[in-house]
Amino acid sequence: MITDIDVWKFIHILLFVYWLGADLGVFLLAKAAQRSDLTFDQRVIALRMALKIDILPRLSFALMFPVGLELSAALGVVEPGLATRAISWSVSALWVVIVIGLVRAREPARARSLKHANVVLHWVLFLVVVAIGLTSVLGHGPFPAGWLGWKILLFALIFFCGIMIDREFDPVAPAFARLATEGSKPDIEQVIKGAIDRSILWVLALYALVVVIAFLGTARPF
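First, a word on what this report is: a plain description of the structure on this page. Because the structure is predicted, anything quoted here is derived from the model rather than measured. (Residues numbered from 1 in each chain as written. Predicted model: local features only at pLDDT ≥ 70, side-chain atom pairs only at ≥ 80, totals over all residues. Heavy atoms only, no water.)

### Describing the nonpolar core
Move 1: Core analysis: the largest hydrophobic core is formed by 36 residues, its most contacted members being Trp19, Phe61, Trp95, Phe155, Ile158, Phe159 and Leu206.
Move 2: Contributions of two or more residues to this core are made by helix H1 (4-34), helix H3 (55-75), helix H4 (82-104), helix H5 (108-137), helix H6 (147-169) and helix H8 (186-219).
Move 3: The leading source of residues in this core is H6, at 10 residues.
Move 4: If we ignore the near neighbours within four places in the chain, the residues touching Trp95 are Phe61, Ala62, Asn118, Leu121, His122, Leu125 and Phe159.
Move 5: Grouped together as the second largest cluster of nonpolar side chains are 18 residues, Ala33, Leu47, Ala50 and Leu179 included. (Core = buried A, V, L, I, M, F, W, Y, C linked by side-chain atoms within 4.5 Å. Buried < 20%, exposed > 50% of the residue type's maximum accessible area, 1.4 Å probe, protein only. Helix = DSSP H or I, 4+ residues; strand = E, 2+ residues; numbered from the N terminus. Contact = heavy atoms within 4.5 Å.)

### Observations concerning a positive patch on the surface
Move 1: Together, Arg48, Lys52, Arg104 and Arg106 give the surface a local cluster of positive charge.
Move 2: Assignment of secondary structure puts Arg48 in helix H2 (residues 40-53). (Patch = residues over 30% accessible without salt bridge, like charges linked within 9 Å, V, L, I, M, F, W, Y side chains within 5 Å. Areas by Shrake-Rupley, 256 points an atom, 1.4 Å probe, with all protein chains shown as cover. Salt bridge = Lys/Arg side-chain N within 4 Å of Asp/Glu carboxyl O. Lys, Arg positive; Asp, Glu negative; His and termini not counted. Charge placed at Lys NZ, Arg CZ, Asp CG, Glu CD.)

### A few points about the packing of H3 against H6
Move 1: Here H3 crosses H6 at 170 degrees, and the two axes come no closer than 12 Å. One element, H3, and the other, H6, form an angle in the roughly antiparallel class. Touching Arg58, Phe61, Met64, Phe65 and Ser72 of H3 are Leu148, Ile152, Phe155, Ile158, Phe159 and Asp166, all from H6. (Axes fitted to C-alpha atoms, helices over the stretch in contact; angles between N-to-C directions. Parallel < 35°, antiparallel > 145°, perpendicular 65-115°, else oblique.)

### Notes on H4
Move 1: Taking 1.5 Å per residue, 23 residues should reach 33 Å; H4 reaches 33 Å between its end C-alpha atoms and fits that length.
Move 2: All buried positions along H4 are accounted for by Ser88, Ser92, Trp95, Val96, Ile98, Val99 and Gly101.
Move 3: Where the residues of H4 are buried, they touch H3, H5 and H6. (Expected span 1.5 Å × (residues − 1).)

### Let's talk about the side chain of Ser199
Move 1: Note that Ser199 resides in helix H8.
Move 2: Within the local environment of Ser199, its side chain forms a polar contact with the backbone oxygen of Ile165, the two atoms lying 3.5 Å apart. (Polar contact = N/O pair within 3.5 Å; in protein donor to acceptor, adjacent residues only side chain to side chain.)

### Section: the packing of aromatic side chains
Move 1: Going through the model one piece at a time under the given rule, you end up with 13 aromatic pairs.
Move 2: Judged by centre distance (4.8 Å) and plane angle (40 degrees), the ring pair of Phe61 and Phe159 falls under tilted. Note that Phe61 is positioned in helix H3 and Phe159 in helix H6, a separation of 98 residues in sequence.
Move 3: Look at Phe61 and you get buried, because its relative accessible area is 6%.
Move 4: A ring pair is formed by Trp123 and Phe160, whose centres lie 6.0 Å apart and whose planes are at 70 degrees; its orientation type is edge-to-face. Here Trp123, found in helix H5, pairs with Phe160, found in helix H6; they are 37 residues apart in sequence, far enough to count as distant.
Move 5: With relative accessibility at 29%, the residue Trp123 sits in the partly exposed group.
Move 6: For Phe160, a relative accessible area of 27% corresponds to the partly exposed category.
Move 7: Taken together through their ring pairs, the aromatic side chains of Trp19, Phe61, Phe65, Trp95, Phe155 and Phe159 make up a single cluster. (Phe/Tyr/Trp six-rings, centres within 6.5 Å; stacked < 30°, edge-to-face > 60°.)

Shape is all these values report; function is a separate question.
And the structure:
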């Protein structure tokens, strides 16, 4: 018989698969966009594909907390109230709307507004989840102080990684605009390479956090 635990665990696993699996594709395509030996059209295609695929890890990230909360509740680890569940799912829904809006935005003004909203949301959630995780680890929060408290605290750091990935990647679009009109030049290539390389460092940090969080949730070592 299929239980609530089975359903939420399955969704939780799917989110991890699409998060890391799709993000690997984004990683490889971003590296291809760096290559000055490829034609401009080939590099633009790689970059556009990377940005389109990137919606999957972003959506997975947006849904991970409420799904994880429901799974923890089904397992009996926590007992969230109706208000907590409602807030969690509402914030996640807002986040999903922003992510989809960023992908579909055609007007520059709308894209800038959504991008700003995304950054603000990330900072707010980073601070809130850090507070929840830290107080839980210290034994005064809404989650148990053991593996789950640390899982929440480490999850908060992913928000910071996401902020830094977007910040470091920002110079790429203007550099490609210059590449389209001026052709390949050392200073342009350096901007593209540097921005993508710095973004990748934060991506690797995010991967490490996700792996550790997955281990804590699976092994529950303490």
